[in-house]
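# Chains, contacts and geometry: an overview
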Amino acid sequence: MLTIAVNPLPNPTISSTDALIYCEGEEFSVEFTINITGNSYIWLLNGIEIETATQATYVATEPGTYSVVVTSSGCSGTSNELTIETIENPTPEISNGEDPLAYCENQEISTEFSVDITDAEAYQWFLDGVEIENATESTYTATNLGVYSVNVTVNGCTGTSNELIVETIANP
């Protein structure tokens, strides 16, 4: 009597407890795990085999779409896909509109700066590289001499603006 065994196709599911979205330039390490065991594992990045990835877990350090082919008892099944994304950091630009950047000695300083990204999650203005307390809006009125810039946060990612200098000029 001949006995034929029918093995089920593996139905792997990959998951991770790590975040899958990162800011541009941010280093990350995402560990993927599988819900089943098998005889062999072939991890894929964007549909292409990762030659050194043959274990039941995989640690990803670059963005892309990951999946795994699990072979068990001669049958293979491909998992779901998980995508690691990187978000571009904002590139804010500050301007002073019609307000001056140069003042005569002993002249009252009042230059209003604005940033071109007006719907950000957060703003932080800086004077000479130091945070200005309570300067957390899309505009800021400078009353001191120095170098001004702003950090702008969009989708959890932060970018730093250009710098503008408020300075004095010699009285004629």
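The shown structure was predicted, so the numbers you read here are calculated from the model rather than taken from an experiment.

Both the distance between ring centres and the angle between the ring planes are used here to describe each pair of aromatic rings. All chains considered together, the criterion is met by 9 aromatic pairs. Ring geometry for F113 versus W125: centroids 6.2 Å apart, planes at 20°, classification stacked. Of this pair, F113 sits in strand 12 (residues 111-115) while W125 sits in strand 13 (residues 122-127), and the two are 12 residues apart along the sequence. One exposure class covers both F113 and W125, and it is buried.

Further remarks concern the sheet that holds strand 1 (residues 14-15). In spatial order, the strands read 1-3-6; together these 3 strands make up an open sheet with antiparallel pairing. The outermost strands of the open sheet, each flanked by one partner alone, are strand 1 and strand 6 (57-60). Where strand 1 lies against strand 3 (residues 30-34), 2 bridges are found, and the strand directions are antiparallel. Across the sheet, I14 pairs through a bridge with I34, a residue of strand 3.

The subject of this paragraph is the environment of E49. Looking at where E49 falls in the secondary structure, it is placed in strand 5 (residues 48-49). Distance from E49 to V68, taken between C-alpha atoms, is 8.9 Å for residues 19 residues apart in sequence. With residues up to four places along the chain from it excluded, the contact list for E49 reads I42, W43 and L44.

The 3 strands are arranged 10-12-15 in an open sheet whose pairing can be described as antiparallel. The two strands at the open ends of the sheet, each matched to only one other strand, are strand 10 (94-95) and strand 15 (139-142). Here 4 bridges tie strand 12 to strand 15, and the two strands are oriented antiparallel to one another. Bridge pairing in strand 15 links S114 to T139.

A few words on the nonpolar core. Inside soluble globular proteins, nonpolar side chains tend to come together where they are buried. Judged by nonpolar contacts, the single largest core of 19 residues is most densely connected at W125 and Y148. Those elements that provide at least two residues to this core are strand 12, strand 13, strand 15, strand 16 (146-154) and strand 18 (164-169). Counting residues in hydrophobic clusters, the runner-up holds 18 residues, among them I14, F32, Y41 and Y58.

Here is what the cut-offs are and how they apply
- Residues numbered from 1 in each chain as written.
- Predicted model: local features only at pLDDT ≥ 70, side-chain atom pairs only at ≥ 80, totals over all residues.
- Heavy atoms only, no water.
- Phe/Tyr/Trp six-rings, centres within 6.5 Å; stacked < 30°, edge-to-face > 60°.
- Helix = DSSP H or I, 4+ residues; strand = E, 2+ residues; numbered from the N terminus.
- Buried < 20%, exposed > 50% of the residue type's maximum accessible area, 1.4 Å probe, protein only.
- Pairing = 2+ DSSP bridges.
- Contact = heavy atoms within 4.5 Å.
- Core = buried A, V, L, I, M, F, W, Y, C linked by side-chain atoms within 4.5 Å.

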